[in-house]
Amino acid sequence: MDRRSEPNRSAIYATTLVAFLAIAGIAVVDPILPAIGDAIGVTAWQVELLFTAYIAVMALGMIPATLASGRFGFKPVLITGVSVVGLAAILASFSDNIVQLSVLRGVWGLGNAMFFATAMVVLVNLAIDREWVVGLFETALGLGFAVGPLIGGLLGQITWRLPFFVCGVFMLFALGVAALKLREPTNRQAPVRVGQIFATYRRPAFIALCVVTGTYNFVFFVVLGYTPLFLGLDIVPLGLAFTGWGLGLATGIMVIGHRLAHRIGAVQTVGVAIAGLLVCMVLFATSTSTAESLVVLVLSGLCMGLANANLTDLALGLGSSDRRVATGAFNLVRWGAAAPAPIISGKLAEHSLSLPFWVGFGVLAVGVLVYLAFAHLMAAGYGERVLWSRWNRAAANSEHAVEEPVGETY
């Protein structure tokens, strides 16, 4: 399809730019986590509160944000979210202790909940080509995760406060873009009810997808939240390390993820991604050098990119026909499952530096088992097949052929 035929390209690109800036704001914290801990004088699990508070509030805020978008419209909720993020980021740069910083990161998460509960629905409703716009959105997220650590590393060597402040300025710029360019979808829908969101969990294929996604996102934030402490690098090298991770993520989304999905299906591509990430957890836990860990970090980003390129589209396909409801239900699980990962990793690291990765391996292994058991349901609901279901049918056909009466062949 010719992208020039999209009638709302300006609004689509503006929403995507805001998404990029929002994710860069999440990732900007990665390289400065050790510096914050040293400056404020807190332990590993306490500094991980910066991630857990952010993600937990973001997860809990998904439902009220979805309900608000149905009542007030997408654009007002999205703009409010961007404003809250910008204000929280600037105030965070003036924090004096971990409690203030964690509270402001929680407010930051609430703002991002308002954004992420509405942005994807706005994009899908504005675009003609859903696959293109979902890919564009996920690409923006991948690039945000790549650029954010670089900004955090370069600015964080001056002071850990500067990345927060600059992130707030970015979001104020995003606010201007959103106010000028964003458009409310013309097909105004009825308000969303809480019962609609929870009714989505009655769909077996959607439940299976949520379990797989929940375990995957737990591991995602073990890597994103704990690995900066695990590597023990200075701020700039750490920023460059996570820029490499982000580039791996972006490559998985932009270059490989959708192409592989076209070849073997979105469901099986997610299977490849979580299997690869499971191996990365073992490699992290058994790593004997920083160089080896850095290679695994980039490889894990690539696997995560393959997953991210397809999970959102699968959620829209397997969830409620109302995309607001599907997005709200999916994001509640996606972020809710991720919230405990950083703080659990910080506590486990007090006993063994490799223990968070082994726990991540165990959590993701549950997701892999659920995937193996129910991937055929997800594939069927999405109009695909999985390889082993063909094997099962072939085996069943063979058994049926053997059981046919021999006398009938004469």
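The name recorded for the protein chain in an unreviewed UniProt entry is MFS family permease, from Micromonospora parathelypteridis. The UniProt entry for the protein chain carries the following comment under Subcellular location (unreviewed entry): "Cell membrane".

**Student:** Just checking my understanding: could you explain the environment of Gly-153 for this structure?
**Tutor:** Note on placement: Gly-153 falls in helix α7 (residues 130–156). Along the primary structure Gly-153 and Gly-195 are separated by 42 residues, whereas in three dimensions their C-alpha atoms are 44 Å apart. In this structure, Gly-153 is in contact with Pro-31, Ile-235, Val-236 and Gly-239, ignoring residues within four places of it in sequence.

**Student:** Whenever I open this one, helix α14 (residues 323–338) confuses me. Can you help?
**Tutor:** In an α-helix, one turn spans 3.6 residues; hence positions three or four apart end up facing the same way. If you check α14, its first and last C-alpha atoms are 22 Å apart, about what 16 residues at 1.5 Å a residue would give, namely 22 Å. Burial of α14 is extensive: 12 of the 16 residues sit out of reach of the surface. All of the buried residues along α14 are Arg-324, Val-325, Ala-326, Thr-327, Gly-328, Ala-329, Phe-330, Asn-331, Leu-332, Arg-334, Trp-335 and Ala-338.

**Student:** Mind showing me how you'd approach α7 here?
**Tutor:** For α7, with 27 residues, the first-to-last C-alpha span of 38 Å sits near the 39 Å given by 1.5 Å per residue. Burial analysis of α7 places 19 of its 27 residues in the buried class, the great majority of the element.

**Student:** Help me understand the packing of aromatic side chains, please; the structure alone is not making it clear to me.
**Tutor:** In this description, a pair of aromatic rings is defined by centroid distance and the angle of the planes. Evaluated as defined, the whole model comprises 15 aromatic pairs. With 5.9 Å between their ring centres and 90° between their planes, Trp-160 and Phe-164 make a pair best called edge-to-face. With a centroid separation of 6.1 Å and 35° between ring planes, the pair formed by Tyr-201 and Phe-206 is classed as tilted. Of the residues examined, Phe-206 reaches a relative accessible area of 0% and is grouped as buried. Its guanidinium or amino end placed over the ring of Tyr-54, Arg-105 lies 4.6 Å from that ring's centre, counting from NZ or CZ.

**Student:** Please clarify how the layout of surface pockets should be interpreted in this entry.
**Tutor:** Considered as a void within the structure, the largest pocket measures approximately 240 Å³ in volume. Taken together, the elements giving at least two residues each to the lining of the largest pocket come down to α7 and α11 (235–264). Element by element, the count of residues in the lining of the largest pocket is highest for α11, at 8 residues. Grouping the constituent residues of the lining of the largest pocket by class yields 6 nonpolar, 5 polar and 2 charged. If you add up the space inside the second largest pocket, you get close to 160 Å³. Residue lining of the second largest pocket: 14 residues in total, with Leu-33, Pro-34, Ala-35, Asp-38 and Leu-229 positioned closest to the centre. Within the residue set of the lining of the second largest pocket, elements represented by two or more residues are α2 (33–40) and α3 (44–47). A total of 5 residues in the lining of the second largest pocket trace back to one element, the largest contributor, which is α2. Residues belonging to the lining of the second largest pocket are distributed by class as follows: 10 nonpolar, 2 polar and 2 charged. When residues are assigned to domains, the lining of the second largest pocket turns out to be shared by domain 1 (8–187) and domain 2 (192–386), each giving three or more.

What counts, and at which threshold
Residues numbered from 1 in each chain as written. Predicted model: local features only at pLDDT ≥ 70, side-chain atom pairs only at ≥ 80, totals over all residues. Heavy atoms only, no water. UniProt positions renumbered as here; feature names shortened; annotations may be inferred. Helix = DSSP H or I, 4+ residues; strand = E, 2+ residues; numbered from the N terminus. Contact = heavy atoms within 4.5 Å. Expected span 1.5 Å × (residues − 1). Buried < 20%, exposed > 50% of the residue type's maximum accessible area, 1.4 Å probe, protein only. Phe/Tyr/Trp six-rings, centres within 6.5 Å; stacked < 30°, edge-to-face > 60°. Lys NZ or Arg CZ within 6 Å of the ring centre and 35° of its normal. 1 Å grid on protein atoms, 1.4 Å probe; cavity = no way out; pocket = protein on both sides within 12 Å on 5 of 7 lines; lining within 4 Å. Points joined across faces, edges and corners; volume = space filled by probe spheres on them. Nonpolar A, V, L, I, M, F, W, Y, C, P; charged D, E, K, R; others polar. Domains from an automatic or database assignment.

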